[in-house]
Amino acid sequence: MHRVIISGIGVEIPEPSITNEELVDSFNAWVEMENVRRQASGEALLQKSDSAFIVHASGVQTRHVIEREGILDPTRMAPRFPARPDDALSLEAEFGIASARKALDHAGLEPPDVDLVICSASHHQRPYPAIAIEMQQAMGTRGAGFDMGLGCSSAAAALHIAVNLVRAGAHRRVLVTTPEIITGHLNFRDRQTHFIFGDASVSMVVEGLAQGDKRPGRFEVLDTRTWTQMSNNIRTNLGYYTRTAQDDPYMINLEGNLIKQVGNKVFKEVTVAGHKFIVEFLAEHGLTPQAIRRFWLHQANARMNAMILKLSFGHEVDHDRAPMVLERLGNTAGAGAVVALSENHADMNAGDYGLLCAFGAGYSIGGALLRML
């Protein structure tokens, strides 16, 4: 059984951003137009949104996106991603490669040093060929590649697989990449979800630690864990059977098929499950939350993270112990916890423990117990 480290981390954040105020202005302009139609037809009128509601509900102030103009256009309310020919690099592969190259540079490696690529994200651009295989070809990595996903736990779940493949000797170096282009799947006309998400891409290089190799400043992965429990409270129904339920299978109705969630139930149930997962996972290693120098939690909801940690510690925990990037990036699904890790580890000392933990649709939870070398 090999010791395993995360030797490189890469993060790619799109430059365009959208503030709460900009998003609210667009949403409310659409509501005004839609309510004219609804009033004429006798339908229930829609409620407008406001920035104070968004901050209270999520803690998000702004989010970065790949394309903002289409999102903010009240007559469209979706990003514009021009179609590319089949022989051109896809948008998701391009986004994944942007963070993957940074991770390889951080690890001091070249693409041929990698013998497996795992592209794990909450949403994929297409089912096949796998985005990971496209990245493999474009970058020049060896071996193989495959796609997978586990909602907002996608990066943690892929890390779980990568660590155990390397530990077992099946692969030498695995590149885990999580290119989250959530805005392409988000219903910007849904008051409960339109403000939550942003786009981000993260990558990690997982490899064995050779005997006598110190690798200071890198994290050894002591253990990983996943947990799932079926819930419809976070769900998207858009898929390749969607058209078969339509009267005209060549005109897809997106109503009810894009991301939806029952926010209050998610908050309560994931808070309880997240707390239980963290405490039990650490206890398996003879550790308590107090022994962990830093927690890099899923960046979905500031109040939920605070409650999970309060239940785990028995008191409130500050942002030094559990840093947040949610306020400026929004919920970047599987990428969020890794962004928090990338930006908040340089001050840790050799021997310090850290816990990467993400939770989301499924329900699903993924965790990795790390120790600074």
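Quantities reported herein were computed from a predicted structural model and do not represent experimental measurements. (Residues numbered from 1 in each chain as written. Predicted model: local features only at pLDDT ≥ 70, side-chain atom pairs only at ≥ 80, totals over all residues. Heavy atoms only, no water.)

Points about the overall build of the protein chain
Phase 1 of the analysis: Each helix and strand in the protein chain was counted, giving ten helices and 13 strands.
Phase 2 of the analysis: Its C-alpha atoms give the protein chain a radius of gyration of 21 Å, near enough to 21 Å, the size a compact globule of 373 residues would have.
Phase 3 of the analysis: When the 373 residues of the protein chain are sorted by exposure, 51% land in the buried category.
Phase 4 of the analysis: With an accessible surface of roughly 16600 Å², the protein chain has 52% of that area assigned to carbon and sulfur atoms. (Helix = DSSP H or I, 4+ residues; strand = E, 2+ residues; numbered from the N terminus. Rg over C-alpha atoms; globule rule 2.2 N^0.38 Å. Buried < 20%, exposed > 50% of the residue type's maximum accessible area, 1.4 Å probe, protein only. Areas by Shrake-Rupley, 256 points an atom, 1.4 Å probe, with all protein chains shown as cover.)

Focus: the nonpolar core
Among soluble globular proteins, nonpolar side chains are generally buried collectively.
Phase 1 of the analysis: Formed by 36 residues in total, the largest nonpolar core has its most connected members in Leu 159, Trp 296 and Leu 370.
Phase 2 of the analysis: If you list the elements that add at least two residues to this core, you get strand 1 (4-12), strand 4 (116-120), helix 6 (154-168), strand 6 (173-180), strand 7 (200-208), strand 8 (219-228), helix 10 (336-343) and strand 13 (364-372).
Phase 3 of the analysis: Ranked by the residues each element gives to this core, the list is headed by helix 6, at seven residues.
Phase 4 of the analysis: For Leu 370, the contacting residues outside a window of four places in its chain are Ile 6, Phe 219, Glu 220, Val 221, Trp 296, Leu 341, Asp 352, Tyr 353 and Gly 354.
Phase 5 of the analysis: The next biggest cluster of nonpolar side chains, apart from the first, holds 25 residues, and it includes Phe 267, Val 270, Leu 297 and Tyr 363. (Core = buried A, V, L, I, M, F, W, Y, C linked by side-chain atoms within 4.5 Å. Contact = heavy atoms within 4.5 Å.)

Focus: the pattern of salt bridges
Phase 1 of the analysis: A full pass over the atoms with the stated rule returns 22 salt bridges.
Phase 2 of the analysis: Here Glu 207 makes a salt bridge to Arg 173, at a shortest N to O gap of 3.0 Å. Within this pair, whereas Glu 207 is found in strand 7, its partner Arg 173 is found in strand 6, the two being separated by 34 residues in sequence.
Phase 3 of the analysis: On the accessibility criterion, Arg 173 (15% relative accessible area) is buried.
Phase 4 of the analysis: When the shortest N-O distance is used, the salt bridge between Arg 294 and Asp 347 registers 2.6 Å. A residue pair is termed long-range when its members are at least 10 positions apart, and Arg 294 in strand 11 (residues 294-297) and Asp 347 in the loop between helix 10 and strand 12 (353-360) qualify at 53 residues.
Phase 5 of the analysis: Since its relative accessible area comes to 44%, Asp 347 is described here as partly exposed.
Phase 6 of the analysis: One network of salt bridges, in which partners are shared, links Glu 34, Arg 37, Arg 38 and Glu 43. (Salt bridge = Lys/Arg side-chain N within 4 Å of Asp/Glu carboxyl O.)

With respect to helix 7 (residues 263-283)
At 3.6 residues per turn, the α-helix brings residues three or four places apart onto the same side.
Phase 1 of the analysis: Across its 21 residues, helix 7 extends 30 Å between first and last C-alpha, which sits within 8% of the 30 Å expected from 1.5 Å per residue.
Phase 2 of the analysis: Every buried residue belonging to helix 7 is among Val 266, Phe 267, Val 270, Thr 271, Ala 273, Gly 274, Phe 277, Ile 278, Phe 281 and Leu 282, and all of these are buried.
Phase 3 of the analysis: Of the surrounding elements, those touching the buried residues of helix 7 are strand 8, strand 9 (234-235), strand 11, helix 8 (302-313), strand 12 and strand 13. (Expected span 1.5 Å × (residues − 1).)

Digging into the pairing of strand 12
Phase 1 of the analysis: Buried residues dominate strand 12, accounting for seven of its eight residues.
Phase 2 of the analysis: Here strand 12 hands over to strand 13 after three residues, with Gly 362 in that stretch at a positive phi of 145°. (Pairing = 2+ DSSP bridges.)

Description of the environment of Ala 98
Phase 1 of the analysis: The residue Ala 98 is located in helix 4 (residues 91-107) in this model.
Phase 2 of the analysis: On the basis of relative accessibility, which here comes to 25%, the residue Ala 98 falls in the partly exposed class.
Phase 3 of the analysis: Sequence separation of Ala 98 and Glu 220 is 122 residues, and the distance between their C-alpha atoms is 24 Å.

Coordinates in, geometry out; function isn't part of it.
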